[in-house]
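# Architecture and fold: a report
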Amino acid sequence: MVSFDVHASERVMNEQARPAAATRQGHVPIRLEARSSSGTRCAPPCVLVIFGAAGDLTKRLLMPALYDLAGSHLLDQSFHVIGIDRADNSDEGWRASLTETMQSFTKDPTAEFYTPKIDPQAWGFVRGRLTYLKGDFIEPDIYRELGRRLSGNVVFYLAINDRFFGPVVDRLGESGLLKQKEGEFRRVVIEKPFGRDLHSAKVLNAQILKQADESQFYRIDHFLGKETVESILAIRFANALFEPIWRRHYVDHIEITAAETIGVEERGAFYEATGALRDMVPNHLFQLLCMIGIEPPRSLDAEAFRDEKARLMQQVRPVPPGNAARGQYGAGSVQGRQVKAYRSEPQVAPESRTETYAAVKLSIDNARWAGVPFYLRTGKRLAARQTQIALVFKPASSPPFAGTQRPAQDILRLQIDPVQGMKMDLSAKVPGPTMRLGPVAASFRYNDFFSEPPNVGYETLLYDCMMGDATLFQRADYIEASWAVVDPLLEAWAEGTPQLYASGSAGPASADELLGRDGRRWLPLETT
Ligand code: BG6
């Protein structure tokens, strides 16, 4: 096992004025220094207005994130939340139902957010600052009421169905609620999906940018709140070891996998209209692609990083339908449990043509990656839950081992979920009198070095938004470039039917053929 002594740098970071939540999540030192140099330890005074107060996202992710931030003393004493939804409720009723949900997190250690005990002080801080406003998102009443209640810094969080994004921003703008006075901010966090294709994303961008400046919009992708995703940048750019080989001369191909064992659960209606391609590829998988594909940003400044991401996406060629495969899960057995077919799930059409699996082969037109295929795959009800990036290297091309039959290719795996770490598959000499090569692995896991109490990933995103750090949010040009890559496929997949694959398998045969045509195979799905 390779041991990187990261404890030393961890100690250095702890001695600096470092935001507690960031400490807990093991942020990369260089960004922390940038943050702490502002001298601000907790977020500025701010009101968080949540559209969609009764929704799932608010209960499952936003409240736990606020609780964690409160526990880390990162919220200002004057911080408060106004939750808006159509359901009849009161301040006390909303507080009570959220308290119940928070308590339920102590019961399921496998849930997205688990804590053995809710800290009464941290939850008390948040609970006491919650107020509820009943209203229809498109009726003028709530905006008038918000106008009366709001002053100073405000973050509007749109945790609502995407069809309301444009209308809500219009009303916020028309009511003057997005006007920023000197020294005060008005920001809008917009959830995914941002558009359904290139055209609708452009229309939505144009619509919202009539109401406020680009710098006021924080388009969220929760993969960027994942600590292990962000830390790929540190692995790549903070270790001189990798940068020289991180290019076409050494890399044979790259594989990005986001495999899930769950089905569509209770989200049949949403999924029917969305499918695996829209749900995962131009957003989550492309974020992973950017982390490994971008050129080194000139600094860790938000715009430098976002410039490189947009540049990379503009260099990815639009995917022709022949470079993709789609599938839909049939019945089968996932990790020993019999599960039904997608078409038998609630709110799914019996003849549904929606894909639950998508694989694409991408080409990037730049000096670093020309000729290196990037294979991306994602699917539900697969054999294992596994999110990882694998760089598969070319065989040694110089003596004395050039041309030698090797037991396996060199592979560098950046493991994101459920294992969080890095693994290198290499070859070494098998002990004995002859020179024979055998496969070995060198690895590290983040939790061998850093301890990370429970967090849902939204802590960083909420905190960054309040701090005005847009690094982990998506700019209009990036979003549009991402949709442009998959647009030909969305059009082609409006017709035809995905190939069935058994639940618990590695996906449809057509995905194997996609790599098979290039003389390659997907790496096996595994959880370790
Ligand atoms: C969501 C998708 O954005 O991401 C879901 O809508 C998917 O379908 C989820 O399951 C995956 O995220 P994570 O964090 O569980 O890997």
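Residues numbered from 1 in each chain as written. Predicted model: local features only at pLDDT ≥ 70, side-chain atom pairs only at ≥ 80, totals over all residues. Heavy atoms only, no water.

### Remarks on the state of the cysteines
Per the stated rule, a full pass over the model turns up 0 disulfides. The thiol of Cys-42 is unpaired, and the distance to the nearest cysteine sulfur, on Cys-46, comes to 11 Å. By relative accessible area, Cys-42 is classed as partly exposed at 23%. Here Cys-465 stays free of any disulfide, with the sulfur of Cys-46 as its closest cysteine sulfur at 7.4 Å. Owing to a relative accessible area of 2%, Cys-465 belongs among the buried residues under this scheme. (Disulfide = S-S within 2.5 Å. Buried < 20%, exposed > 50% of the residue type's maximum accessible area, 1.4 Å probe, protein only.)

### Digging into empty space enclosed by the protein
The tally for this structure, following the rule as stated, stands at 4 cavities of 30 Å³ or more. When its volume is computed, the largest cavity comes out at roughly 120 Å³. Forming the walls of the largest cavity are 15 residues, and the residues nearest its centre are Phe-194, Asn-283, Gln-474, Ile-479 and Trp-483. For the lining of the largest cavity, the elements supplying multiple residues, two or more each, are α12 (275-293) and α15 (476-493). Counting residues per element, the lining of the largest cavity draws most heavily on α15, at 3 residues. Here the residues of the lining of the largest cavity are counted per class, giving 7 nonpolar, 4 polar and 4 charged. (1 Å grid on protein atoms, 1.4 Å probe; cavity = no way out; pocket = protein on both sides within 12 Å on 5 of 7 lines; lining within 4 Å. Points joined across faces, edges and corners; volume = space filled by probe spheres on them. Helix = DSSP H or I, 4+ residues; strand = E, 2+ residues; numbered from the N terminus. Nonpolar A, V, L, I, M, F, W, Y, C, P; charged D, E, K, R; others polar.)

### A few points about the pattern of salt bridges
For side chains bearing opposite charge, pairing can occur when the charged atoms are close. One pass over the full model with this rule turns up 29 salt bridges. For Glu-112, the salt bridge identified is with Arg-60, shortest N-O distance 2.3 Å. Here Glu-112, found in the loop between α5 (91-104) and α6 (120-127), pairs with Arg-60, found in helix α4 (residues 56-71); they are 52 residues apart in sequence, far enough to count as distant. Look at Arg-60 and you get partly exposed, because its relative accessible area is 29%. Among the charged side chains, a salt-bridge network with shared partners connects Arg-298, Glu-303, Arg-306, Asp-307, Arg-475 and Asp-477. (Salt bridge = Lys/Arg side-chain N within 4 Å of Asp/Glu carboxyl O.)

### As for the layout of surface pockets
The calculated volume of the second largest pocket comes to roughly 350 Å³. For the second largest pocket, the lining is made up of 17 residues, of which Ile-245, Tyr-250, Phe-393, Lys-394 and Asp-410 are closest to its centre. Looking at which element gives the most residues to the lining of the second largest pocket, the answer is strand β14 (residues 421-429), with 3 residues. Looking at the lining of the second largest pocket, its residues break down into 11 nonpolar, 2 polar and 4 charged.

### Observations concerning the packing of α12 against helix α13 (residues 302-315)
With their axes 10 Å apart at the nearest point, α12 and α13 run at an angle of 105° to one another. If you check the angle between α12 and α13, you find them roughly perpendicular. Here Phe-286, Gln-287, Leu-289, Cys-290, Met-291 and Gly-293 of α12 lie close against α13, whose contacting residues are Phe-305, Lys-309, Leu-312 and Met-313. When grouped by side-chain class, the residues that make up the contact of α12 with α13 number 7 nonpolar, 2 polar and 1 charged. (Axes fitted to C-alpha atoms, helices over the stretch in contact; angles between N-to-C directions. Parallel < 35°, antiparallel > 145°, perpendicular 65-115°, else oblique. Contact = heavy atoms within 4.5 Å.)

### A look at the side chain of Ser-510
Summarising the element assignment, Ser-510 is placed in helix α16 (residues 509-516). Side chain to side chain, Ser-510 and Gln-499 meet in a polar contact 2.8 Å long. Excluding residues that lie within four positions of it along the chain, Ser-510 makes contacts with Ala-325, Arg-326 and Gln-499. (Polar contact = N/O pair within 3.5 Å; in protein donor to acceptor, adjacent residues only side chain to side chain.)

### Some details on the confidence of the model for the protein
Low pLDDT marks stretches whose predicted atomic positions should not be read closely. Overall, the predicted model of the protein reaches an average pLDDT of 90, with 92% of residues at or above 70. Ignoring residues within four places in sequence, the model shows residues 1-40, a span with pLDDT below 50, making 75 contacts including any to other chains. (pLDDT = per-residue confidence, 0-100.)

### So, α13
Here α13 spans 20 Å end to end across 14 residues, near enough to the 20 Å set by a 1.5 Å rise per residue. Of all the positions in α13, only Ala-302, Ala-304, Phe-305, Arg-306, Glu-308, Lys-309, Ala-310, Leu-312 and Met-313 are classed as buried. Contacts from the buried residues of α13 go to α10 (227-238), α12 and α15. Near the N-terminus of α13, the side chain that reaches the backbone nitrogen of Glu-303, with its oxygen 3.2 Å away, is that of Asp-301. (Expected span 1.5 Å × (residues − 1).)

### Some remarks on the sheet that holds strand β5 (residues 186-190)
Overall, parallel pairing links the 6 strands, which are arranged β3-β2-β1-β4-β5-β6 in an open sheet. Two strands in the sheet have a free side with no partner beyond their single neighbour: β3 (130-134) and β6 (217-219). Pairwise comparison of adjacent strand axes, ignoring direction, gives a mean angle of 20° for this sheet. Pairing geometry for strand β4 (residues 154-158) and β5, over 5 bridges, is parallel. Along β5, the bridge assignment pairs Leu-158 with Ile-190. This element, α5, spans β2 (80-85) and β3 of the sheet and lies at about 120° to β3. (Pairing = 2+ DSSP bridges.)

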